[in-house]
Amino acid sequence: MCLGIPGEVVAVVDAERHLAKVDVAGVRRNVDVGLLDGAVAPGDWVLIHVGFAMARIDEGEARRALESLEAMGAAYAEEVEALRSSGAP
Amino acid sequence: MRFVDEYRDPAAARLLVAAITELAAEDHFKFMEVCGGHTHTIYRHGIERILPPSVELVHGPGCPVCVIPMGRIDDAIAVAETPGVIFTSFGDMMRVPGSSGNLLSAKARGADVRFVYSPLDALRVAVENPRRQVVFFAVGFETTAPSTAVTLLRARDDAVTNFTVFSNHVTIVPPIKAILESPGMRLDGFLGPGHVSTVVGQRPYRFVPEVYGKPLVTAGFEPLDVVQAIAMLLTQLREGRCEVENQYTRCVTEDGNPRALEVLARVFELRPHFEWRGLGFISQSALQLRPEFADWDAELRFAVPGVRVADPKACQCGEVLKGVIKPWQCKVFGTACTPETPIGTCMVSSEGACAAYYNFGRLHGEVAVQAGTRT
């Protein structure tokens, strides 16, 4: 929850409602990108908290963060499972 | 353990630890890491074991699950058990004990408690169930509060009237202040939180050096980030400086996320008082909905008991959260209180100091040796 998870933008779903499809550790879901400065494009990496992108990050940082998160084991698994099972469109 | 890049490079770690050992040779230093994510990194990678004994780390209150007092869980359960309510919550909060049971046991008794990943998911449940009252149990620091704010703006714009928020959002600065003012607390500096700072930026921490004369270095979550931030704190003290510095420049900026701060201010205002587990009541430390959003405020729509409940006697989360004792010094640590059957909040969340130590603490020595930093 308080732990941000990095994800890669794969598509802009609805620019007006600030929705982008983001790949988070292989799970794809819609994320609200309206709190970021400027538009996102496929290939951008963002730090996600509870379904919202809160910061832009570079790819290197994103990959490092993902690896540390994976190393966290159960906590990370729970967060990804939460994301997967949230059933968002 | 794999050390994939420069953030886990054992040689770099050795150099930093050597520098720290030299900087801390003539005194004893006590630094608090405010953020639960750092606590996790520290235990996971055995960082305390590679530091010289003259550098002590104290684990702070920066875990939003850990600081929610029992009375608020009782309030949540009371709302969840109101007929017709669908109560939505992040998974982390489900197992946090109230004075009698948790949200999962309320669910077992028949309450419609549903787990959601995002406040937007809770809003969607409300849209899909127009005849039911849907409540979102909002918790977290400035990392999650802007998401709740955006969700409330959307509920208002879309006129979703069967949706309310039970706000338990807290802010990061007041507990730091409370710790600085707590009697007998002797700290030499702070590791500033990482992800919260992506939102609030660096400015809010300036009072730490300016008013209290302590340095603060915002740090990332890799083991080397934490070690480097400790070296930066010691360097400041050695050079007689006392500043807010940013080790985590690859994510944190001076101004944070202005849009997120703007929606926060539009939707929330400071509560006069809020109780923190272990720290007691801290004034202006939490967020409540502004009067314009009264129609979406669960505390106004439902009968919330609001009874203050003392922490269980056996549980010493309060002392752990203030850094007075280490997790393993608690009487019930690892015996009556485990991640499977937590008594205190610090054992519930994976970012809590007790759960982190329970999961990784016993590996300390092994991990440090593998890292090549203590041979």
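Residues numbered from 1 in each chain as written. Chains lettered and ligands numbered in written order. Predicted model: local features only at pLDDT ≥ 70, side-chain atom pairs only at ≥ 80, totals over all residues. Heavy atoms only, no water.

1. A look at the overall build of chain B
Piece 1. Scanning chain B for helices and strands turns up 16 helices and 13 strands.
Piece 2. A globule of 375 residues ought to have a C-alpha radius of gyration of about 21 Å, and chain B, at 21 Å, matches this closely.
Piece 3. Overall, chain B is about 65 × 45 × 40 Å in size when its C-alpha atoms are taken along their principal axes.
Piece 4. In chain B, which comprises 375 residues, the proportion classed as buried is 62%.
Piece 5. Taking the intrachain contacts of chain B between residues at least 6 apart in sequence as the baseline, contacts between residues at least 24 apart amount to 76%.
Piece 6. A gap of 4 Å separates the mean positions of the 37 positive and 41 negative side-chain charges of chain B. (Helix = DSSP H or I, 4+ residues; strand = E, 2+ residues; numbered from the N terminus. Rg over C-alpha atoms; globule rule 2.2 N^0.38 Å. Buried < 20%, exposed > 50% of the residue type's maximum accessible area, 1.4 Å probe, protein only. Contact = heavy atoms within 4.5 Å. Lys, Arg positive; Asp, Glu negative; His and termini not counted. Charge placed at Lys NZ, Arg CZ, Asp CG, Glu CD.)

2. Re the pairing of strand β4 (residues 45-49) of chain A
Two faces, one strand: in a regular strand the side chains alternate between the faces of the sheet.
Residue and element names in this part refer to chain A.
Piece 1. For β4, the tally of buried residues reaches 5 of 5 residues, placing the bulk of the element in the interior.
Piece 2. Side chains W45, L47 and H49 of β4 all project onto a buried face; the interleaved residues V46 and I48 project onto the opposite face, where all are buried too.
Piece 3. Note that strand β1 (residues 5-14) and β4 share 4 bridges and pair antiparallel. Within β4, the residue paired with I5 across the bridge is I48.
Piece 4. Strand direction decides the pairing type here: β4 and strand β5 (residues 52-57), joined by 5 bridges, are antiparallel. Paired with V46 across the bridge in β5 is R56.
Piece 5. With antiparallel pairing between neighbouring strands as the criterion, β4 and β5 make up a hairpin whose turn holds 2 residues, including V50 at a positive phi of roughly 40°. (Pairing = 2+ DSSP bridges.)

3. Details of the packing of aromatic side chains
Residues and elements named next belong to chain B.
Piece 1. If you walk through the whole model with that rule in mind, you get 12 aromatic pairs over all chains.
Piece 2. Their ring planes at 35° and their centres at 4.6 Å tell us that W328 and Y357 sit as a pair that is tilted. In this pair, W328 sits in the loop between α14 (317-321) and α15 (353-360) while Y357 sits in helix α15, placing the two residues 29 residues apart along the sequence.
Piece 3. On the accessibility criterion, W328 (38% relative accessible area) is partly exposed.
Piece 4. Above the ring of F207, the side-chain terminus of K177 is found at 5.1 Å from the ring centroid. (Phe/Tyr/Trp six-rings, centres within 6.5 Å; stacked < 30°, edge-to-face > 60°. Lys NZ or Arg CZ within 6 Å of the ring centre and 35° of its normal.)

4. As for the nonpolar core
Piece 1. Ranked by size, the top nonpolar core spans 103 residues in total, and within it B:F87, B:L103, B:F137, B:L152, B:F163, B:I176 and B:F190 carry the most contacts.
Piece 2. Top contributing element to this core by residue count: α15(B), with 7 residues.
Piece 3. The residues touching B:F137, leaving out its near neighbours within four places in the chain, are B:I73, B:A76, B:F87, B:T88, B:S89, B:M93, B:L103, B:F166 and B:N168.
Piece 4. Grouped together as the second largest cluster of nonpolar side chains are 30 residues, A:A20, A:V33, A:L36 and A:L47 included. (Core = buried A, V, L, I, M, F, W, Y, C linked by side-chain atoms within 4.5 Å.)

5. Brief notes about the sheet that holds strand β9 (residues 244-246) of chain B
Residue and element names in this part refer to chain B.
Piece 1. Strands sit in the order β2-β1-β7-β8-β9 across an open sheet of 5 strands; the sheet is parallel. Lying at the two open borders of the sheet, with one neighbouring strand each, are β2 (55-62) and β9. Strand-to-strand, the axes of this sheet are offset by a mean angle of 25°, without reference to chain direction.
Piece 2. Alignment of strand β1 (residues 29-35) against strand β7 (residues 189-192), held across 3 bridges, turns out to be parallel. If you follow F31 over to β7, its bridge partner there is G189.
Piece 3. Set on the sheet, helix α2 (residues 36-44) makes contact with β1, β2 and β7; between it and β1 the angle comes to about 120°. (Axes fitted to C-alpha atoms, helices over the stretch in contact; angles between N-to-C directions.)

6. Overview of helix α7 (residues 145-157) of chain B
Residues and elements named next belong to chain B.
Piece 1. Taking 1.5 Å of rise per residue, 13 residues should cover 18 Å, and α7 covers 18 Å from first to last C-alpha, within 8% of that figure.
Piece 2. Among all positions of α7, only A145, P146, S147, T148, A149, V150, T151, L152, L153, R154 and A155 are buried.
Piece 3. Among the residues trailing α7, A159 stands out with phi positive, at a value near 50°. (Expected span 1.5 Å × (residues − 1).)

7. As for the confidence of the model for chain B
Residues and elements named next belong to chain B.
Piece 1. Scored by pLDDT, chain B has a mean of 89; 94% of the residues are at 70 or more.
Piece 2. In the predicted structure, residues 364-375 sits below a pLDDT of 50 and forms 28 contacts with residues beyond four places in sequence or in another chain.
Piece 3. At the level of chain-chain contacts, confidence expressed as ipTM amounts to 0.85, with global pTM at 0.89. (pLDDT = per-residue confidence, 0-100.)

8. Quick word on the pattern of salt bridges
Piece 1. Under the defined criterion, the tally for this structure stands at 26 salt bridges over all chains.
Piece 2. Of the charged contacts, one joins B:E245 and B:R241 as a salt bridge, the two residues approaching to 3.5 Å between their closest N and O atoms.
Piece 3. Residues joined by salt bridges that share partners form a network here, namely A:R29, B:D121, B:R124 and B:E128. (Salt bridge = Lys/Arg side-chain N within 4 Å of Asp/Glu carboxyl O.)

9. Here we look at the side chain of B:D75
Residue and element names in this part refer to chain B.
Piece 1. Here D75 lies in helix α4 (residues 70-80).
Piece 2. In this structure, D75 is buried with no salt-bridge partner, the nearest side chain bearing the opposite charge being R72 at 4.1 Å.
Piece 3. If sequence neighbours within four positions are ignored, D75 has contacts with F166, V304, P305, G306 and V307.

10. Comments concerning the sheet that holds strand β6 (residues 163-169) of chain B
Strand-to-strand pairing in sheets goes through backbone hydrogen bonds, with the strands running parallel or antiparallel.
Residues and elements named next belong to chain B.
Piece 1. One open sheet accounts for 4 strands, arranged β4-β3-β5-β6; its pairing is parallel. Every other strand in the sheet has two partners, leaving β4 (112-115) and β6 as the edge strands with one partner each. Each strand of the sheet is rotated relative to its neighbour by a mean of 25°, with strand direction disregarded.
Piece 2. Strand direction decides the pairing type here: strand β5 (residues 133-140) and β6, joined by 7 bridges, are parallel. When the sheet's bridge partners are listed, V134 is paired in β6 with F163.

11. Quick notes on the confidence of the model for chain A
Piece 1. This prediction gives chain A a mean pLDDT of 83; 85% of its residues lie at or above 70.
Piece 2. No element of chain A has a lower mean pLDDT than helix α2 (residues 74-85) of chain A, which averages 69, and none a higher one than β1(A), which averages 94.

12. Re the interface of chain A and chain B
Piece 1. The partner chain B presents 44 residues to the 37 residues of chain A that form the contact.
Piece 2. Note on chain A versus chain B: buried area summed over both sides is about 3,400 Å², and carbon and sulfur give 57% of it.
Piece 3. Across the chain A-chain B interface, the total number found is 4 salt bridges.
Piece 4. Linking A:D32 and B:R154 is a salt bridge whose minimum nitrogen-to-oxygen distance equals 3.0 Å.
Piece 5. Connecting chain A to chain B are 8 residue pairs in polar contact (both at pLDDT 80 or more).
Piece 6. For the side of chain A that touches chain B, the secondary-structure elements that each account for two or more residues are β3 (27-32), β4, β5, α1 (59-71) and α2 of chain A.
Piece 7. Sort the elements by how many residues they give to the side of chain A that touches chain B and α1(A) lands first, with 6 residues.
Piece 8. The residue makeup of the side of chain A that touches chain B, split by class, is 20 nonpolar, 9 polar and 8 charged. (Buried area = accessible area lost by both parts, 1.4 Å probe. Polar contact = N/O pair within 3.5 Å; in protein donor to acceptor, adjacent residues only side chain to side chain. Nonpolar A, V, L, I, M, F, W, Y, C, P; charged D, E, K, R; others polar.)

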